[in-house]
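# Structural overview
The lines below spell out each chain.
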Amino acid sequence: MLRARTDEAKDERRQALLSAALDEFFEKGFAASRMSDIARRAHLSKGTLYLYFDSKEAMFKALVESLAFPNLEQIERIAEGARTLDEALNGIGVFAPALIRHSELPRLMKVLIGDSHMFPSMVAAYRKELIERVIGMVAALLKRVSDAGEADVENPELTARIIIAPIVLSGLWHAVFNRNGEADVDLETLFQTHARLMLKALKPGNPT
């Protein structure tokens, strides 16, 4: 097989390999997936695969970087740019359905949970670099609006977990139960309802 000569061709092959890796990990589990099967699915040789990635772990890390980090940055922009808690929660509520329906992040989450016992160091890195970062940014938002008197938040870190929990649950639901659209959920209404409940619960005078 001819080598990719241009940066664009190299990027196309890299993306093809990552797409094939996610399909293999999702269908077979991380532990059972083989590099040779990933290469075959991408219609490339095993030797070509090793020009780009030296292990399944490296491929998983690249998937996190390409799928999770851009979406994380978008949530950061929403949280940091919001002037009020209402604006932040509604902004996240508008973004979350597209994230769940049109990105591969839910499938990546399912892979992580399914084989978490097999690669604890990768799970720890995912938790620190992604999950705790999201919790931290939402907690910072909650502290900011609480200090301004807009909300009454007794514990920003734990309340942040309550705010992001529906996103995690909905992502896993979509990846595991709604693969063919037979168990679809009205995500827009779900997140609008969640935002209203959170705003009501966090209204000054209603301690969390």
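Residues numbered from 1 in each chain as written. Predicted model: local features only at pLDDT ≥ 70, side-chain atom pairs only at ≥ 80, totals over all residues. Heavy atoms only, no water.

## Brief notes about the overall build of the protein
The condition is simple: The way it works is that DSSP assigns letters per residue, a run of H or I at least four long becomes a helix, a run of E at least two long becomes a strand, and they are numbered from the N terminus. Burial classes: relative accessible area under 20% of the type maximum marks a residue as buried, over 50% as exposed, and values in between as partly exposed (1.4 Å probe, protein chains only). Residues count as neighbours in contact if any of their non-hydrogen atoms are within 4.5 Å of one another. Only four residue types enter the charge count: Lys and Arg as positive, Asp and Glu as negative, with His and the chain ends excluded. Charged side chains are reduced to one point each, which is NZ for Lys, CZ for Arg, CG for Asp and CD for Glu.
Across its full length, the protein holds nine helices and zero strands. Its C-alpha atoms put the protein at 65 × 35 × 30 Å along the principal axes. Here the protein holds 208 residues, and the buried ones make up 43% of them. At a minimum sequence separation of 6, the contacts of the protein that also span at least 24 residues come to 68%. Across the protein, the centroid of the 27 positively charged side chains sits 5 Å from that of the 29 negatively charged ones.

## Examining the packing of aromatic side chains
Working definition: an aromatic ring pair is given by the centre-to-centre distance plus the angle between the planes. The cut-off we apply is this: Planes of paired rings set the category: under 30 degrees apart is stacked, over 60 is edge-to-face and the rest tilted, where pairs are Phe, Tyr or Trp rings (Trp by its six-membered ring) whose centres lie within 6.5 Å.
If you walk through the whole model with that rule in mind, you get five aromatic pairs. Ring geometry for Phe 30 against Phe 60: centres 6.0 Å apart, planes inclined by 85 degrees, an arrangement best described as edge-to-face. You can see Phe 30 sitting in the loop between helix H1 (7-28) and helix H2 (35-41) and its partner Phe 60 sitting in helix H4 (residues 56-81), a full 30 residues away along the chain. The residues Phe 30 and Phe 60 share a single accessibility class, namely buried. Summarising the aromatic geometry, the rings of Phe 30 and Phe 119 are spaced 4.5 Å apart at their centres and angled 45 degrees between planes, so their arrangement reads as tilted.

## Thoughts on a nonpolar patch on the surface
Rules: Within this analysis, patches are made of residues with over 30% relative accessible area and no salt bridge. Like charges are joined at 9 Å or less; nonpolar side chains (Val, Leu, Ile, Met, Phe, Trp, Tyr) at 5 Å or less. Each accessible area is a Shrake-Rupley estimate made with a 1.4 Å probe; only the visible protein chains count as cover when residues are assessed. Here a salt bridge means any side-chain nitrogen of Lys or Arg lying within 4 Å of a carboxyl oxygen belonging to Asp or Glu.
There is a patch of nonpolar side chains on the surface, built from Trp 173, Val 176 and Phe 177 and spanning about 290 Å² of accessible area. Note on placement: Trp 173 falls in helix H8 (residues 156-176). Trp 173 gets classed as partly exposed once you look at its relative accessible area, which sits at 37%.

## A closer look at the environment of Ser 19
The residue Ser 19 is located in helix H1 in this model. Given a relative accessible area of 42%, Ser 19 falls into the partly exposed group. Note: C-alpha distance between Ser 19 and Met 59 (40 residues apart in sequence) is 9.9 Å.

## Considerations on unusual backbone geometry
Excluding glycine, residues mostly have negative phi values, and the peptide bonds linking residues are mostly trans. Residue His 43 is not a glycine yet carries a positive backbone phi of 60 degrees. Considering the arrangement of structural elements, one finds His 43 in the loop between H2 and helix H3 (46-52). Using a relative accessible area of 68% as the deciding quantity, one classes His 43 as exposed.

## Looking at the side chain of Thr 48
Rules: For the purposes of these results, a polar contact is taken to be a pair of N or O atoms within 3.5 Å, where, inside protein, one atom must be able to donate a hydrogen and its partner to accept one; residues adjacent in sequence count only when each atom of the pair is a side-chain atom.
Within the secondary structure, Thr 48 sits in helix H3. When its relative accessible area of 8% is taken as the criterion, Thr 48 is described as buried. Among the polar contacts listed, one links the side chain of Thr 48 to the side chain of Ser 45, at a separation of 2.8 Å.

## Considerations on helix H9 (residues 187-201)
Here is the rule: Each helix should span, by expectation, one fewer than its residue count multiplied by 1.5 Å. What the arc covers is the set of directions going from the helix axis to the C-beta atoms.
With 15 residues, H9 should cover 21 Å at 1.5 Å per step; its first-to-last C-alpha distance of 21 Å lies within 8% of that length. Within H9, burial applies to Leu 187, Phe 191, His 194, Ala 195 and Met 198. Angular distribution of buried residues about the axis of H9 spans 100 degrees; they occupy a single face of the element. Away from the buried face of H9 by more than 90 degrees, exposed residues Arg 196, Leu 197 and Lys 200 are located. Buried-residue contacts for H9 involve helix H5 (85-102) and H8.

## Thoughts on a negative patch on the surface
Together, Asp 7, Glu 8, Asp 11 and Glu 12 make up a negatively charged patch on the protein surface. Mapped onto the elements, Glu 8 comes out in helix H1.

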